Amino acid sequence: LDIFEEQSAFFLPDTPITRAEFIKAVIRACNIRTTTVEEKTRQSRRKTQPEVSPFVDVAVTDPNYLYIKDALQKGIISGVSSNQFAPNKPLTKAEAITILIRALGFESKAPTPGYYTAFADDRNIPNWAKDSVYVAREIGLVSGDSYNRFYPTKNLTKAETASLLIRFLEFLQADLQRDYRENIINY
């Protein structure tokens, strides 16, 4: 599906995925179109101010800049601080799940506080990710290992990312089919 853009001839499934690579993969998986060069040219003809990156560590000339910018504007991501994104930092499992749940628009679907995610390592899940992990488990994006552990702080590998994105796309497909049946056919 051209979600991953590999520079080498090998996929290297056990290498950690970076925050920038994951955002690019999610945007491509969702088929969200980033601002094109043609649109930038039209904007530059209007003699506007040069574009300034919202993050000091992501240059406007960075090949992943448009993906990061669009994800930020759509509320899918946030930085590691108010002005830093850490694009080359490995992505944790909790961060990845939070991004996918935001991409689905389900960030407010968890029950009121006081619930548990049902993972054996629930106490290790950061508070900012707990709602997303709960929702992701409920919709089938994630499951525990043989000991029912989630490992929220584990760096995500490219292989785990591919598997997670497949489940994400399968959920989108099933949700689209259900929406089509309920809203179009049964109208």
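In short, a report on the structure. Owing to the predicted nature of the structure, the values given are computational and were not obtained by experimental measurement.

## Here's the deal with helix 5 (residues 127-138)
Phase 1: Over its 12 residues, helix 5 extends 18 Å from the first C-alpha to the last, a length consistent with the 16 Å expected when each residue adds 1.5 Å.
Phase 2: For helix 5, the secondary structure elements touched by its buried residues are helix 4 (93-104).

## Re the nonpolar core
A general trend in soluble globular proteins is that nonpolar side chains are found buried together.
Phase 1: Judged by nonpolar contacts, the single largest core of 43 residues is most densely connected at Phe22 and Ile23.
Phase 2: Listing elements by their share of this core, those giving two or more residues are helix 1 (19-29), helix 3 (65-73), helix 4, helix 5 and helix 6 (158-185).
Phase 3: Considering each element in turn, this core owes the most residues, seven residues, to helix 4.
Phase 4: Residue contacts for Phe22: discarding those within four places in its chain leaves Ile17, Leu91, Ala96, Ile99, Leu100, Leu156 and Thr161.

## Observations concerning helix 3
Phase 1: The element helix 3 is largely enclosed, with a buried count of seven among its nine residues.
Phase 2: The positive-phi residue at the C-terminal boundary of helix 3 is Gly75, with phi of around 75°.

## Digging into the packing of helix 1 against helix 3
Phase 1: Interhelical geometry of helix 1 versus helix 3 gives an angle of 70° and a closest axis separation of 9 Å. If you check the angle between helix 1 and helix 3, you find them roughly perpendicular. Contacts between helix 1 and helix 3 pair Ala20, Ile23, Lys24, Ile27 and Arg28 from the former with Tyr67, Ile68 and Ala71 from the latter.
Phase 2: Of the residues contributing to the contact of helix 1 with helix 3, the split by class is six nonpolar, no polar and two charged.

## Thoughts on unusual backbone geometry
Phase 1: Not every positive phi belongs to a glycine, and Ala86 is a case in point at roughly 55°.
Phase 2: Within the secondary structure, Ala86 sits in the loop between helix 3 and helix 4.
Phase 3: For Ala86, a relative accessible area of 18% corresponds to the buried category.
Phase 4: You will see that Tyr151, though not glycine, has its phi angle at about 55°, which is positive.
Phase 5: Looking at the element boundaries, Tyr151 is found in the loop between helix 5 and helix 6.
Phase 6: Given the relative accessible area of 35%, Tyr151 is considered partly exposed.

Thresholds, definitions, all that
- Residues numbered from 1 in each chain as written.
- Predicted model: local features only at pLDDT ≥ 70, side-chain atom pairs only at ≥ 80, totals over all residues.
- Heavy atoms only, no water.
- Helix = DSSP H or I, 4+ residues; strand = E, 2+ residues; numbered from the N terminus.
- Expected span 1.5 Å × (residues − 1).
- Contact = heavy atoms within 4.5 Å.
- Core = buried A, V, L, I, M, F, W, Y, C linked by side-chain atoms within 4.5 Å.
- Buried < 20%, exposed > 50% of the residue type's maximum accessible area, 1.4 Å probe, protein only.
- Axes fitted to C-alpha atoms, helices over the stretch in contact; angles between N-to-C directions.
- Parallel < 35°, antiparallel > 145°, perpendicular 65-115°, else oblique.
- Nonpolar A, V, L, I, M, F, W, Y, C, P; charged D, E, K, R; others polar.

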